[in-house]
Amino acid sequence: MAPTTQHAAGRPAPFGRVLTAMVTPFTADGALDLDAAQRLATHLVDNGNDGLVVSGTTGESPTTSDAEKESLLRAVLEAVGDRATIVAGAGTNDTRHAVEMTQQAEKAGAHGILTVTPYYNKPPQEGLLAHFRAVADATSLPVMLYDIPGRTGTPIATETLVQLADHERIQGVKDAKGDLSGITEVLARTNLAFYSGSDENNLALLAMGATGIVSVVSHVASPEYAAMLRAIDEGDLATARDLDRKLVPAFKAIMTRTQGAIMAKAALELTGVLSTRSVRPPLVPANEEQIGQLSADLQESGLIR
């Protein structure tokens, strides 16, 4: 496991600084491809990641079994677990199941846990407090909360985050809510490590004092994001802005034209990192028109020639 670090502002970085929300490779017939997962994990770490999230949403966690999640986690740990912090997605909308998944991930050797707000059943804030505390109580690992109301239907309120920060194992937040004033308040009142979970907000959150990023675009832009963090740490906002603007076409290509996992896999196939862009239903692979636009956009960002 990579050592726990701090960034220039002095806040802890318990999960690393540059993390990719890693896709889960499948074979052409939809089977889990562990060899490809190990090659991908190695590629990402070699190119600037000091952390990976496995079995998050971009990892198509809704359509992989608990057994597949464990196999994937063990494979990634075997490949890069001595060089990067490996965070296991272990969130569901059933507290008992989330606890079981968390314990399974810890037993398999995960370095940290990502747990998402329970989705669809829309619990009240009191329910979120109980849910996240139950997950954190069930493990000795550091826990990152995932706040993404666009998918879950329920935001984690600022005051709820402040209360959850009192739990010694709740150490970070992956933010895909984008409430900048709320983030500022939480940063002021707690020692939680904030990670940008939306690539369009990476620069803004880092400039505010976020610890790092959990990115999808970093599948093809890890060196650029690592350079952005270095620039922020050095107070070189002009360079950070230039890097952020350079990646706008790549962000649009991967995150706005269809679902992110679909286009991330297409980008990895286009760049030769994966041999197939297979996804599991209800997702569908990128079509040739989308691939053509993706290629043009990645060229515009300077990520391929």
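Nothing here was measured: the structure is a model prediction, and the numbers come from that model.

Participant: Is there a simple way to explain the pattern of salt bridges in this structure?
Facilitator: Side chains that differ in charge, positive against negative, can pair when their charged atoms come close. All chains considered together, the criterion is met by 15 salt bridges. With its nearest N and O atoms 3.1 Å apart, the salt bridge here joins Asp233 to Arg17. A residue pair is termed long-range when its members are at least 10 positions apart, and Asp233 in helix 9 (residues 218-233) and Arg17 in the loop between strand 2 (12-13) and strand 3 (18-21) qualify at 216 residues. Classification of Asp233 by relative accessible area gives partly exposed; the value is 28%.

Participant: Is there a simple way to explain the UniProt feature "active site" (unreviewed entry) in the protein chain in this structure?
Facilitator: Within this numbering scheme, the UniProt entry marks Tyr146 and Lys174 as carrying the feature "active site" (unreviewed entry). The greatest C-alpha distance among the residues just named is 4.7 Å, despite their covering 29 residues of sequence, which places them together in space. Mapped onto the elements, Tyr146 comes out in strand 7 (residues 143-147). Given a relative accessible area of 6%, Lys174 falls into the buried group.

Participant: Quick question: what am I supposed to make of the pairing of strand 7 here?
Facilitator: For a regular strand, side-chain orientation follows a simple rule: the groups alternate between the two sheet faces. Taking burial as the measure, the five residues of strand 7 include five buried ones, the bulk of the element. Pairing geometry for strand 6 (residues 112-116) and strand 7, over four bridges, is parallel. Considered in strand 7, the bridge of Val116 is made with Tyr146. Read as a crossover between parallel neighbours, the route from strand 6 over helix 4 (residues 125-137) to strand 7 is right-handed. Summarising the sheet, strand 7 and strand 8 (residues 170-175) pair through five bridges and their orientation is parallel. Bridge pairing in strand 8 links Leu145 to Val173.

Basis of the calculations
- Residues numbered from 1 in each chain as written.
- Predicted model: local features only at pLDDT ≥ 70, side-chain atom pairs only at ≥ 80, totals over all residues.
- Heavy atoms only, no water.
- Salt bridge = Lys/Arg side-chain N within 4 Å of Asp/Glu carboxyl O.
- Helix = DSSP H or I, 4+ residues; strand = E, 2+ residues; numbered from the N terminus.
- Buried < 20%, exposed > 50% of the residue type's maximum accessible area, 1.4 Å probe, protein only.
- UniProt positions renumbered as here; feature names shortened; annotations may be inferred.
- Pairing = 2+ DSSP bridges.
- Right-handed = clockwise from strand over helix to strand, strands pointing away.

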